[in-house]
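Letter by letter, the chains look like this.
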Amino acid sequence: MSIRELYDAKEGPTLSLEFFPPKTEAGKQNLLDRMQRMSALDPLFITVTWGAGGTTAEKTLELASLAQKNLNLPVCMHLTCTNMEKHIIDDALMKCKISGIRNILALRGDPPIGQDWSDLEAANSEFKHAVDLVRYIKTHHSGEFCVGVAAYPEGHCEGEAEGYEQDPLKDLPFLREKIDAGADFVITQLFYDVEKFLSFEVLFREQVSSEIPLIPGLMPINSFLLFNRAAKLSHASIPQSILQKFPPEIQSDDDTVKSIGIEVLIDIIERIYNSTSGRIKCFHFYTLNLEKAVAKIVANSPTLCNTLEEGEDENEEAATSEPE
Ligand code: FAD
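As the structure is a prediction and not an experimental result, all values here were calculated from the model. (Residues numbered from 1 in each chain as written. Predicted model: local features only at pLDDT ≥ 70, side-chain atom pairs only at ≥ 80, totals over all residues.)

Peer 1: What is the right way to look at the overall build of the chain in this model?
Peer 2: In terms of helices and strands, the chain carries 12 helices and 8 strands. For 324 residues, the compact-globule formula gives about 20 Å, and the C-alpha radius of gyration of the chain, at 19 Å, lands near that figure. Summarising its shape, the C-alpha atoms of the chain cover approximately 50 × 45 × 40 Å along the three principal directions. The proportion of buried residues among the 324 residues of the chain is 45%. If you take every contact in the chain between residues at least 6 apart in sequence, the share linking residues at least 24 apart comes to 81%. (Helix = DSSP H or I, 4+ residues; strand = E, 2+ residues; numbered from the N terminus. Rg over C-alpha atoms; globule rule 2.2 N^0.38 Å. Buried ≥ 20, exposed ≤ 12 C-beta atoms within 10 Å, placed from the backbone. Contact = placed C-beta atoms within 7 Å.)

If you want it as structure tokens, here you go:
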């Protein structure tokens, strides 16, 4: 089913979940079991990531197809378009159609670690930006895919090494271009600064679209090290008010960090939901394939707890072990 149709039909708050394809067969089975349990959180949809340059193409397609077939949930497959032969894109779209996957998150992708765009021979010059993939899908597969795109509440980090500063205002015309090309919904980069997200939402409504679903991306805090690393990699700032909740003496105590992190995420969700009068109603979790923190956030968030199916408490025990 199309995410846009489901979103428009949904009256109350909801959530979505991102997973990435595990490397091993055992990891895949483990994750499928976990996804099955997490479907009790009643997500509107789930997404499966794609390794830039097609590095995980086979595993992404396999996981997305299995999830679409087994979970009775709409799957959105991420697809990057640069630094990759065009036939990989065509093949992926064809396989999605065969598997019943009707939602694609159209992305540009990044160069491999340690390289930048100037190091790479363009594998396919037709696709320079995500907008080219949105246009390609909407032109060559008209009516067959609901297409999402990425946005950056604090600005995209392109060209940082050359002194370019993150500024969401600079990206907005290009985000608008993706919507004009036919994108149906937007998922944001992870962030922890609610004020920055709320300012971005106002800009988005004024300069991009008053109607397109804007879905904030949230990453639960599973350890202090991972929290800092993810924020750094994503160029997301951590407000002082959040950092203060993690004094040095607790930073290596994962259980304590996790439970404070759950409160931090719940506060972010409540502030966004209560400040946006229903304009933001879906919250996207970068799960890192982990279950426990997301399950606890949903169970304890006044906004999201109503999404839980009856009997969900029984799953809590399963959710407290995290075999990877
Ligand atoms: P674009 O929209 O093309 O934007 C990239 C940069 O180019 C921006 O600075 C933008 O302002 C600029 N720009 C855009 N259009 C133009 C134009 N016409 N002219 C000039 N400048 C332009 N990466 C993966 O490899 N796999 C994934 O599964 C994945 N999932 C993601 C999911 C989400 C929700 C997000 C937010 C990111 C994800 N990424 C993923 C990372 C993403 O590929 C990178 O952030 C990448 O650097 C930008 O992708 P984009 O689609 O936003 O690119």
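Let's pick the thread back up.
Peer 1: Please explain the site of the ligand as it appears in this structure.
Peer 2: Near the ligand you find 22 residues, and of these Ala 52, His 78, Arg 108, His 129 and Ala 130 are the closest. Looking at the shell around the ligand element by element, the count peaks at 3 residues for helix α6 (residues 168–180). Its residues assigned to classes, the shell around the ligand comprises 9 nonpolar, 8 polar and 5 charged. (Near = placed C-beta within 6 Å. Nonpolar A, V, L, I, M, F, W, Y, C, P; charged D, E, K, R; others polar.)

Peer 1: Where do I start with the pairing of strand β1 (residues 14–19) in this structure?
Peer 2: Within a regular strand, the side chains alternate between the two sheet faces. Of all 6 residues in β1, 6 are buried; the element is thus mostly enclosed. Of the pairings in the sheet, the one linking β1 to strand β8 (residues 282–286) comprises 5 bridges and is parallel in character. By the bridge assignment, Thr 14 is partnered in β8 with Cys 282. For β1 and strand β2 (residues 45–48), the ladder comprises 4 bridges, and the chain directions are parallel. Bridged to Glu 18 within β2 is Thr 47. Taking the sense of rotation as the criterion, the β-α-β connection linking β1, helix α2 (residues 25–38) and β2 turns out right-handed. (Pairing = 2+ DSSP bridges. Right-handed = clockwise from strand over helix to strand, strands pointing away.)

Peer 1: Sorry if this is basic, but what is going on with unusual backbone geometry here?
Peer 2: Leave glycine aside and you will find that most residues have negative phi; peptide bonds, for their part, are mostly trans. The phi angle at His 235 is positive, at roughly 55 degrees, despite the residue not being glycine. Its place among the elements puts His 235 in the loop between α8 (224–233) and α9 (240–243). Although it is not a glycine, Leu 288 sits at a positive phi angle of roughly 55 degrees. What makes Leu 288 partly exposed here is the crowd of 16 C-beta atoms within 10 Å.

Peer 1: Can you help me understand the packing of helix α5 (residues 130–140) against α6 in this one?
Peer 2: Each packed pair of helices is defined by two parameters, the angle between the axes and the distance between the axes. The contact between α5 and α6 brings their axes to 9 Å, and the two run at 10 degrees. Overall, the two elements α5 and α6 adopt an arrangement that is roughly parallel. Taken together, the residues of α6 that come into contact with α5 (itself represented by Ala 130, Val 131 and Val 134) are Phe 174, Glu 177 and Lys 178. When its residues are assigned to classes, the contact of α5 with α6 shows 4 nonpolar, no polar and 2 charged. (Axes fitted to C-alpha atoms, helices over the stretch in contact; angles between N-to-C directions. Parallel < 35°, antiparallel > 145°, perpendicular 65-115°, else oblique.)

Peer 1: I would appreciate a short explanation of the pairing of strand β4 (residues 103–107) in the present structure.
Peer 2: With respect to burial, β4 is a largely interior element, 5 of its 5 residues being buried. Burial along β4 is two-sided: Asn 103, Leu 105 and Leu 107 and Ile 104 and Ala 106, pointing in opposite directions, are all buried. Two elements, strand β3 (residues 75–80) and β4, share 5 bridges in a ladder whose sense is parallel. Within β4, the position partnered with Cys 76 by the bridge is Asn 103. For the crossover that starts at β3, traverses helix α4 (residues 86–99) and ends in the parallel β4, the hand is right-handed. Relative to strand β5 (residues 146–151), β4 is paired through 3 bridges, and the arrangement is parallel. From the neighbouring strand, Ile 104 faces β5, where its bridge partner is Val 147.

Peer 1: Teacher, can you tell me more about α4 here?
Peer 2: Structurally, the α-helix is built with 3.6 residues per turn, so residues lying three or four positions apart point the same way. A rise of 1.5 Å per residue sets the reference length of α4, with its 14 residues, at 20 Å; its end C-alpha atoms lie 20 Å apart and thus fit the reference within 8%. Buried residues belonging to α4 abut α3 (57–70), β3, β4 and α5. Where α4 ends, the next residue or the one after it, Gly 100, has phi of about 85 degrees, a positive value. (Expected span 1.5 Å × (residues − 1).)

Peer 1: It is not clear to me how the packing of α3 against α4 should be interpreted in this structure. Could you clarify?
Peer 2: One way to put it is that α3 packs onto α4 with a least axis distance of 10 Å and a crossing angle of 15 degrees. As far as their axial angle goes, α4 and α3 are roughly parallel. Seen from above, α3 lies across α4 with right-handed handedness. Residues Ala 57, Leu 61, Ser 65 and Gln 68 of α3 form the contact with α4, whose own contacting residues are Ile 88, Ala 92, Lys 95 and Ser 99. (Left-handed = near helix turned anticlockwise from the far one by under 90°.)

Peer 1: I would appreciate a short explanation of the sheet that holds β1 in the present structure.
Peer 2: Strand order in this closed barrel of 8 strands is β1-β2-β3-β4-β5-β6-β7-β8, and the pairing throughout is parallel. When the angles between neighbouring strand axes are averaged without regard to direction, this sheet yields 30 degrees.

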